[in-house]
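Read off the chains here:
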Amino acid sequence: MSSPTATLSLKQRQADLSSSQQQQELLQAIELTHTSFNGDFDAALASCGWKTLTPAQLEIFQINVGKLCNMTCRHCHVDAGPDRKEIMSRETIEACLHALDQTEAHTVDLTGGAPELNPHFRYLVEQCVVRGKHVIDRCNLTVLLLPTMEDLPAWLAERGVEVVCSLPHYRQRNTDAQRGHGAFEQSITALKKLNAAGYGQADPNRQLTLVSNPVGAFLSAQQCQLEREWKTGLQKHHGITFDRLITINNMPISRYLEWLEQSGNLQTYMELLVNAFNPGTIPGLMCRNTLSISWDGHLFDCDFNQMLELELQQPGNPRPHIRDFDLDQLAKRHIVTGRHCFGCTAGSGSSCGGSITSCQ
Ligand code: SF4
Ligand code: SF4
C-alpha cells in the first residue's frame, strides 16, 4: 500500500521550524497589539479571574508513544512521518503503567504519530484494559490497511477500546488536500472494517469517534451541526456509521504553523484566534485534567506544549520524567501557557475531546 504523502516532515527537510524555539519566536513576533488582550494569553486569563492556569483532578493519561507515522499530513502538529524514529520503549511504558497505578485516572489516551506502529502498542493497551481503564486509540485510519494490522479492528473491539479517527472531511477533495492523495479512499475502506468489527453502532464497548479539523485558516464549525451533516453524508454515500464527531481547531504550531506562514495566513489566523477568546472554555481546558507524556517519558501539560518543548513546571523538579511521578507535586504546578493557547480557547473551544462548550 502506498502511503499518502502531503508533505515531508520539517525534520526531514531540515526546515527552520523543525526547531520548537523557532516556532515560539515566530509566534511571539506576530504583531497583535491591536487585538484583544494585546495577544497576551495571560492577560486573557486574568480578564476572567484566572491569575494562572492550575490543574484540576487528573483524569486522563495521554501517552504519545512515538512520532513514527505512515502519513505526513500537512496540518500535523507532531511533525510525524515515516522518517521519525522516536518510539516509546518498553521500559518507559512500564514507568507509565507504574505511574498510572498511583492515580485514579479513568482514561488512557494513546496518541502518536500512529500509535499502532509502536511495537509495544498491544501490550500497553492490554495492560490498561486489565486495570479497568477506558482506552482511546487515536487512529489515522489508513494504518489499519497495513498487512500487519489486518486483525486490529477485531482485536480492539474485543477489548472495548474506543477508536478516535482523524478524517478532516467526509468529502474526498478536502481530506486528500490535507492528508495526501488517496487518503480519503483508504480511510473509507478502514471505516468499513471498523463497522464490520462492530464499531460505530451505538455499542458503548465499540465506540467509533471521528475527528474533524478545518481544511484552511478558519475555526471549526459547530460540532453538533457537523455531526448531523457527517452522519447523513457518510451513511448516504458510503454506508458508514459512527457514534460521534468531535471538532478540533488547528493549532498554530509545527507543520500547520509553516503552512500558515507560507500561505500568508499567519497574521489573520492569530487575530482570529485571539479575538474569538471565549472565557467559558477555561475550566474545561484539557491541560487541567490530562497529563501528557512524551515518547521518552518526559511530562508536559498537553500534547501541544510537548511539541513546543515547553516542559511541565513541577515544583522542585525542572524536567520531570514519568519514572519520578509525584501526583501531589504535580497538583501544585502552574500550567505553562503561551500564544498557541488561544487555539484552545477560540470559539467553542478545542481539546483532544473536541469542543469544550456545548452547541447553542
Ligand atoms: S496528523 Fe496524524 S496521521 Fe497525519 S502525520 Fe500527523 S500523526 Fe500522522
Ligand atoms: S495549548 Fe491548550 S491545552 Fe495546552 S496548555 Fe495551552 S490552553 Fe492548555
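Before reading on, note that the structure itself is shown above.
A. A look at the overall build of the protein. For the protein, the count of helices and strands is 14 helices and 8 strands. Over its C-alpha atoms the protein spans a radius of gyration of 19 Å, differing by no more than 12% from the 21 Å that the globule rule assigns to 360 residues. Each principal axis of the C-alpha distribution contributes one length, and for the protein these read about 50 × 45 × 45 Å. Counting all 360 residues of the protein, 56% fall into the buried class. Excluding contacts between residues fewer than 6 apart, the proportion of contacts in the protein whose partners are at least 24 apart in sequence is 75%. Total accessible area on the protein stands at roughly 14,600 Å², and carbon and sulfur atoms take up 49% of it.

B. Quick look at the site of ligand 2. Ligand 2 sits among Met251, Leu285, Met286, Cys287, Cys302, Phe304, Asn305, Ile335, Val336, His340, Cys341 and Cys344. Here the shell around ligand 2 is built from residues that sort into 10 nonpolar, 2 polar and no charged.

C. A look at the site of ligand 1. In the vicinity of ligand 1, the contacting residues are Cys69, Met71, Thr72, Cys73, Cys76, Ala80, Gly113, Asn140, Arg179 and Arg255. Tallied by class, the residues present in the shell around ligand 1 amount to 5 nonpolar, 3 polar and 2 charged.

D. The arrangement of unusual backbone geometry in detail. Residues other than glycine seldom take positive phi values, yet Phe37 does so here, at roughly 55°. By secondary structure assignment, the location of Phe37 is in the loop between α2 (20-29) and α3 (41-47). Although it is not a glycine, Leu141 sits at a positive phi angle of roughly 75°. Within the secondary structure layout, Leu141 lies in the loop between β3 (134-139) and α6 (152-158). Judged by relative accessible area, Leu141 falls into the buried class, the value being 0%.

E. Local environment of helix α10 (residues 254-262). Those residues of α10 lying buried are Ser254, Arg255, Tyr256, Leu257, Glu258 and Leu260. Gly264 sits one or two residues past α10 and shows a positive phi near 75°.

F. Local environment of the pattern of salt bridges. Counted according to the given criterion, the structure contains 18 salt bridges. Between Arg122 and Asp151 there is a salt bridge whose closest N-O contact spans 2.9 Å. Within this pair, whereas Arg122 is found in helix α5 (residues 121-130), its partner Asp151 is found in the loop between β3 and α6, the two being separated by 29 residues in sequence. Of the charged contacts, one joins Lys193 and Glu150 as a salt bridge, the two residues approaching to 3.6 Å between their closest N and O atoms. Of this pair, Lys193 sits in helix α8 (residues 183-196) while Glu150 sits in the loop between β3 and α6, and the two are 43 residues apart along the sequence.

The rules behind the values
Residues numbered from 1 in each chain as written. Chains lettered and ligands numbered in written order. Predicted model: local features only at pLDDT ≥ 70, side-chain atom pairs only at ≥ 80, totals over all residues. Heavy atoms only, no water. Helix = DSSP H or I, 4+ residues; strand = E, 2+ residues; numbered from the N terminus. Rg over C-alpha atoms; globule rule 2.2 N^0.38 Å. Buried < 20%, exposed > 50% of the residue type's maximum accessible area, 1.4 Å probe, protein only. Contact = heavy atoms within 4.5 Å. Areas by Shrake-Rupley, 256 points an atom, 1.4 Å probe, with all protein chains shown as cover. Near = heavy atom within 4 Å. Nonpolar A, V, L, I, M, F, W, Y, C, P; charged D, E, K, R; others polar. Salt bridge = Lys/Arg side-chain N within 4 Å of Asp/Glu carboxyl O.

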